[in-house]
Amino acid sequence: GVRQIPWFVNGDTFLPLARPVEDIKPDTCFEITVNIVGDKPANFTLYEDDGVTTAYARGDQNQIQLHADSDSHSIRRSGSYHGPARYTITGWKRF
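A. Region of the structure containing the side chain of Asn 62. As for its placement among the helices and strands, Asn 62 is situated in strand β4 (residues 62–68). Here Asn 62 falls in the buried class, since its relative accessible area comes to 5%. A polar atom in the side chain of Asn 62 sits 3.4 Å from the backbone nitrogen of Ser 80. A polar contact is formed between the side chain of Asn 62 and the backbone nitrogen of Tyr 81, at a distance of 3.1 Å. Asn 62 has contacts with Leu 46, Tyr 47, Glu 48, Arg 77, Ser 78, Gly 79, Ser 80 and Tyr 81, leaving out every residue within four places of it along the chain.

In structure tokens:
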């Protein structure tokens with residue numbers, strides 16, 4: 001329709017999109033839907049930290065690695081950030 005904007009996305013990629021929020025607070029957890037484009041997307045890493053300080057520069061951060069193949073997907077969170085979760089994966093969609 002008229003109100004739609006076309007997106008051009010490379011094949012074999014992840015397109016993680018967060019549900020919109022009114023404002024961002026220190027405890028905001030973004031609800032992410034991971035859109036999978038293609039059959040063999042490259043692995044993708046989200047970085048998670050407190051969202052406020054520069055503690056990430058000292059390594060206080062997590063890496064959330066997304067992986068998918070033709071019939072499954074997985075998430076692996078690693079790192080030294082131990083605060084409230086900033087991201088939660090709420091769904092996967094394949095295009």
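B. The arrangement of the sheet that holds strand β2 (residues 30–37) in detail. Strand order across the open sheet formed by three strands is β1-β2-β6, with mixed pairing between neighbours. The sheet is open, and its two edges are formed by β1 (13–18) and β6 (87–94), each paired on a single side. Each strand of the sheet is rotated relative to its neighbour by a mean of 25 degrees, with strand direction disregarded.

C. Local environment of the nonpolar core. Phe 14, Phe 30, Ile 32, Val 34, Ile 36, Leu 46, Ile 64, Leu 66, Ala 68 and Ile 89 together form the largest nonpolar core, which totals 10 residues. Listed by contribution, the elements that provide at least two residues to this core are β2 and β4. Excluding anything up to four places from it in sequence, Ile 32 contacts Pro 16, Leu 17, Ala 18, Tyr 87, Thr 88, Ile 89, Thr 90 and Gly 91.

D. Seen up close, a nonpolar patch on the surface. Together, Ile 5, Trp 7, Val 9 and Leu 17 line one region of the surface with nonpolar side chains, adding up to about 420 Å² of accessible area. Relative to the assigned elements, Ile 5 resides in the segment before β1. When its relative accessible area of 69% is taken as the criterion, Ile 5 is described as exposed.

E. Examining the pattern of salt bridges more closely. Across all of its chains, the model carries two salt bridges by this definition. Between Glu 31 and Arg 19 there is a salt bridge, with its nearest N and O atoms 2.8 Å apart. Of this pair, Glu 31 sits in strand β2 while Arg 19 sits in the loop between β1 and β2; the two residues are 12 residues apart in sequence, bridging distant segments of the chain. Relative accessible area serves as the criterion here: at 31%, Glu 31 is assigned to the partly exposed category. For Arg 19, a relative accessible area of 52% corresponds to the exposed category. When the shortest N-O distance is used, the salt bridge between Arg 77 and Glu 48 registers 3.0 Å.

F. Local environment of the side chain of Asp 50. The residue Asp 50 is located in the loop between β3 (44–48) and β4 in this model. A polar contact of 2.8 Å, which involves the side chain of Asp 50, links it to the backbone nitrogen of Val 52. Separated by 2.5 Å, the side chains of Asp 50 and Thr 53 make a polar contact.

The rules behind each value
Residues numbered from 1 in each chain as written. Predicted model: local features only at pLDDT ≥ 70, side-chain atom pairs only at ≥ 80, totals over all residues. Heavy atoms only, no water. Helix = DSSP H or I, 4+ residues; strand = E, 2+ residues; numbered from the N terminus. Buried < 20%, exposed > 50% of the residue type's maximum accessible area, 1.4 Å probe, protein only. Polar contact = N/O pair within 3.5 Å; in protein donor to acceptor, adjacent residues only side chain to side chain. Contact = heavy atoms within 4.5 Å. Pairing = 2+ DSSP bridges. Axes fitted to C-alpha atoms, helices over the stretch in contact; angles between N-to-C directions. Core = buried A, V, L, I, M, F, W, Y, C linked by side-chain atoms within 4.5 Å. Patch = residues over 30% accessible without salt bridge, like charges linked within 9 Å, V, L, I, M, F, W, Y side chains within 5 Å. Areas by Shrake-Rupley, 256 points an atom, 1.4 Å probe, with all protein chains shown as cover. Salt bridge = Lys/Arg side-chain N within 4 Å of Asp/Glu carboxyl O.

It is worth stressing that arrangement in space is one thing and function is another; only the former is reported here.
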